[in-house]
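Here's the letter readout for the chains.
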Amino acid sequence: MYTEITLRISPEDAVHEEVLKKEVARSVKVDIDRIKHLEIIRRSVDARQRTVFLNLFVGVWIDRVEEREKVFLPAYKDVFDRPRVIVVGAGPGGLFSALRLIERGYCPVVLERGKCVDKRKGDLGRLYKTGIVDEDSNFGYGEGGAGTFSDGKLFTRSQKRGNVRRILEMLVYFGADKNILIDAHPHIGTDKLPGVIVNIRKAIEAHGGQVYFDTRVTDLLIRDNRIEGVIAGNREFLAKHVILATGHSARDTYKMLHNRNVYMEPKDFAVGFRVEHSQFDIDCMQYHTRTGRGEYLPAAEYNFVTNIAGRGVYSFCMCPGGVVVPAATAPGQQVVNGMSASGRNTPWANSALVTSVGEAELAALNHRGLFAGIEFQEALERKAWEEGGGGLHAPAQALTDFLRGKITRHLPRTSYKPGVTTSPIHAWFPALLAERLQQGITYFGRCARGFVTEQAIVLGVETRTSSPLRIVREKERCVHVGIAGLYPCGEGAGYAGGIVSAAMDGEKCAESVF
Ligand SMILES: Cc1cc2nc3c(=O)[nH]c(=O)nc-3n(C[C@H](O)[C@H](O)[C@H](O)COP(=O)(O)OP(=O)(O)OC[C@H]3O[C@@H](n4cnc5c(N)ncnc54)[C@H](O)[C@@H]3O)c2cc1C
């Protein structure tokens, strides 16, 4: 017999198989010897009370083990001679659209401006060493897109946009740990993600798809409002269908689309900075202890959101046990982001603290028109670059000083390798947004004692939370509203906001072609 139960158990008991089995036997009211197999289906930490528990949803086999449902098994076809579909960008949106095209019997031709994972790693090493950003190979660009050197958090609220479980199972098939199917807040880790991405590319190539690196698309071939292909450098790639998954940082690509009269609209996005605490402080805050998380609990996370004068202020992309990284995609910009390895075991915790920016804020800051959002991002990134002193140094301030409007004299040690320069962020961040962030963070500090501490710092700037533009497409068919055969896809098109939602959108676009 097979049954499923919910169990509330201490983190320590959960890791000891015999204790867990005993608890399960007690819960299903059978003798322990009759439990033949257990499988944790879902796991979450419940830290709402002083004593922290794990909530487990467990599959239990009593007396015998029966055949279980199989996870994802691909049905990839050989597509060497099949009709070609061009996919621009090898981020999660582009790669998952390529896989789905192969399943449907079409041949994806993936064009990526950056390099393969291995070469990209070398470029990131050089970025740290020289402080010079390669415009085609950086934390945002290259095989796997912005998702490769990230935390690999896979939690998404976009359940309605597609089949989240399918994407997670695909990631496991390509090498991610099975725990991502179980954990309520799954993550892969930046040490494991590159391997998964390379396996995806190898599968695409093995079935006849083509992947070109160092291939930046510089123009579209359009005739009578119908796409005929793309131009990359001095080469033409012809196809009747083009999936455009270029991510939210490809500002040159947005400009090229505008020059080709591809219809786009401004959309809201968010800006702010990264806050970094010691992970120990966050563990104490979230697990209500003075001694950290102990042996059995994962590095604690947090998630804050509030509304100030009708606009959101929230934490975003929290990386427990992670590091802050330089995420600019061109020289003269200072942009930060966060990532962590699968073990989440650095002494630091970071997250973005951001607030919404839309037409009203942009107009108040004298930015108008389609590219107002991009211009504002660029201005803020340039200011942060100057404040950091050039290079990759990030302007930083103690969190408490940001709230009080004071200059920070001494900054604590940070995970941000290139280094930080003390800067009065409160003074040069647009007042409208700085005040909102100050109010929001003060509220977070009231909700969670230990969040606002002298040891926490803010580093700037966090401007790439989502795309400031939408490349408008038809709702169901995903085809661009003006150009037949063009499928704007993923985060850069304004239809996703993270790895899983971009992957789901890639699949959706691939299902829309032909
Ligand atoms: C450091 C960091 C950490 C992150 N952590 C997480 C996380 O933990 N969880 C999460 O869900 N999300 C995270 N994100 C965000 C996530 O990576 C993105 O939401 C996701 O990658 C978007 O997928 P995409 O395919 O739409 O675009 P992207 O991943 O941005 O991919 C776009 C690709 O297109 C290429 N490209 C751009 N222009 C052209 C052109 N003209 N020609 C050819 N190629 C082009 C780029 O080089 C890039 O590889 C993180 C991002 C960063 C930078």
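Above this text is the structure in question.
What counts and what doesn't
- Residues numbered from 1 in each chain as written.
- Predicted model: local features only at pLDDT ≥ 70, side-chain atom pairs only at ≥ 80, totals over all residues.
- Heavy atoms only, no water.
- Helix = DSSP H or I, 4+ residues; strand = E, 2+ residues; numbered from the N terminus.
- Rg over C-alpha atoms; globule rule 2.2 N^0.38 Å.
- Buried < 20%, exposed > 50% of the residue type's maximum accessible area, 1.4 Å probe, protein only.
- Contact = heavy atoms within 4.5 Å.
- Lys, Arg positive; Asp, Glu negative; His and termini not counted.
- Charge placed at Lys NZ, Arg CZ, Asp CG, Glu CD.
- Pairing = 2+ DSSP bridges.
- Right-handed = clockwise from strand over helix to strand, strands pointing away.
- Phe/Tyr/Trp six-rings, centres within 6.5 Å; stacked < 30°, edge-to-face > 60°.
- Lys NZ or Arg CZ within 6 Å of the ring centre and 35° of its normal.
- Near = heavy atom within 4 Å.
- Polar contact = N/O pair within 3.5 Å; in protein donor to acceptor, adjacent residues only side chain to side chain.
- Areas by Shrake-Rupley, 256 points an atom, 1.4 Å probe, with all protein chains shown as cover.
- Nonpolar A, V, L, I, M, F, W, Y, C, P; charged D, E, K, R; others polar.
- Core = buried A, V, L, I, M, F, W, Y, C linked by side-chain atoms within 4.5 Å.
- Axes fitted to C-alpha atoms, helices over the stretch in contact; angles between N-to-C directions.

Chemist: It is not clear to me how the overall build of the chain should be interpreted in this structure. Could you clarify?
Modeler: On a plain count of helices and strands, the chain comes out with 15 helices and 22 strands. Against the 2.2 N^0.38 benchmark of 24 Å for 514 residues, the chain shows a C-alpha radius of gyration of 24 Å, consistent with a compact globule. Counting only C-alpha atoms and orienting by the principal axes, one finds that the chain spans roughly 75 × 65 × 45 Å. Out of the 514 residues belonging to the chain, those deemed buried represent 57%. Across the chain, contacts joining residues at least 24 apart in sequence account for 72% of those joining residues at least 6 apart. The positive charge centre, built from 67 side chains, and the negative charge centre, built from 60, are 1 Å apart in the chain.

Chemist: Just to check I follow, could you spell out the environment of G89 for this structure?
Modeler: Here G89 shows up in the loop between β4 (84-88) and α3 (92-103). When its relative accessible area of 8% is taken as the criterion, G89 is described as buried. Considering only alpha carbons, one finds G89 and K77, 12 residues apart in sequence, at a separation of 22 Å. The contact partners of G89, leaving out residues within four places of it in the chain, are G94, V110, L111, E112 and A245.

Chemist: Which parts of the structure should I look at to understand the pairing of β4?
Modeler: Look at any regular strand and the pattern is simple: side chains alternate between the two faces of the sheet. Here β4 lies mainly inside the structure; 4 of its 5 residues are buried. Of the strand pairs in this sheet, β4 and strand β5 (residues 107-111) are connected by 5 bridges, and their pairing is parallel. In the sheet register, V88 faces β5, and the bridge partner there is L111. Regarding the hand of the β-α-β motif, the stretch spanning β4, α3 and β5 is right-handed. With 3 bridges joining them, β4 and strand β10 (residues 242-244) adopt parallel strand pairing. Residue I86 lies in a different strand from β10, and its bridge partner there is V242.

Chemist: Looking at this model, I keep getting lost on the environment of F304. Mind explaining?
Modeler: Among the structural elements, F304 can be located in the loop between α8 (279-287) and β13 (305-308). Between the C-alpha atom of F304 and that of G94, which follows or precedes it by 210 residues, the distance is 31 Å. Beyond its immediate chain neighbours, meaning those up to four positions away, F304 contacts M285, V313, Y314, S315, F444, A448 and F451.

Chemist: Before we go on, may I ask you to explain the packing of aromatic side chains in this structure?
Modeler: Aromatic rings in a pair are described by how distant their centres are and how their planes are angled relative to each other. Counted by the stated rule, this structure contains 16 aromatic pairs. With a centroid separation of 5.2 Å and an interplanar angle of 70°, the aromatic rings of Y212 and F237 are classed as edge-to-face. Separated by 25 residues along the polypeptide, Y212 in strand β6 (residues 210-212) and F237 in strand β9 (residues 235-238) bring together distant segments of the chain. By relative accessible area, which is 3% here, F237 ends up buried. Arranged with centres 6.2 Å apart and planes meeting at 50°, the rings of W428 and F429 form a pair that is tilted. Here W428 matches F429 in class, with each residue buried. Aromatic ring contacts, followed pair by pair, group Y302, F304, Y443, F444 and F451 into a single cluster. In this structure, K255 packs its charged tip against the face of F371, placed 5.5 Å from the ring centre. Above the ring of Y495, the side-chain terminus of R470 is found at 5.4 Å from the ring centroid.

Chemist: Which parts of the structure should I look at to understand the site of the ligand?
Modeler: Looking at the ligand, there are 37 residues lining it, with G93, E112, A146, E491 and I499 nearest. In this structure, an oxygen atom belonging to the ligand sits 3.2 Å away from a main-chain N or O atom of G152. Protein coverage of the free-state accessible area of the ligand, which is 1000 Å², stands at 94%. Of all the secondary-structure elements, those providing two or more residues to the shell around the ligand are α3, β16 (336-340), α14 (490-493) and α15 (499-512). Across the shell around the ligand, the residue classes tally to 14 nonpolar, 17 polar and 6 charged.

Chemist: Teacher, can you tell me more about the nonpolar core here?
Modeler: One broad rule of soluble globular proteins: the nonpolar side chains tend to lie buried together. Membership of the largest hydrophobic core comes to 51 residues, with the highest contact counts inside it found for L171 and I243. Among the elements of the structure, β4, α3, β5, α5 (164-173), α6 (193-206) and α15 are those that each provide at least two residues to this core. Here this core gets 7 residues from one element, more than from any other, and that element is α6. When neighbours within four sequence positions are excluded, L171 is seen to be in contact with F96, L154, A176, I180, I188 and V196. Ranked by size, the runner-up nonpolar core spans 38 residues in total, among them L399, W428, F444 and A456.

Chemist: Sorry, what's going on with the pairing of strand β8 (residues 226-232) here?
Modeler: Counting buried positions over the 7 residues of β8 gives 5, a clear majority of the element. In this structure, strand β7 (residues 217-223) lies alongside β8, joined through 6 bridges in antiparallel fashion. If you follow V217 over to β8, its bridge partner there is A232. Looking at chain direction, β8 and β9 are connected through 4 bridges and run antiparallel. Bridge pairing links V230 to F237 in β9. Hairpin connection from β8 to β9: 2 residues lie between these consecutive antiparallel strands, with G233 at a positive phi of about 65°.

Chemist: What is the right way to look at the sheet that holds β5 in this model?
Modeler: Backbone hydrogen bonds hold the strands of a sheet together, and the pairing may be parallel or antiparallel. Read across the sheet, 5 strands follow the order β6-β5-β4-β10-β22 without closing on themselves; strand pairing throughout is parallel. Strands with a single pairing partner mark the edges of an open sheet, and in this sheet they are β6 and β22 (486-488). With strand direction ignored, the average angle separating the axes of adjacent strands in the sheet is 15°.

Chemist: Please explain the side chain of T253 as it appears in this structure.
Modeler: Here T253 shows up in helix α7 (residues 251-259). According to the relative accessible area criterion, T253 is buried, its value standing at 7%. Other than its neighbours up to four places away in sequence, T253 contacts R113 and T246.

Purely geometric numbers; function is a separate question.
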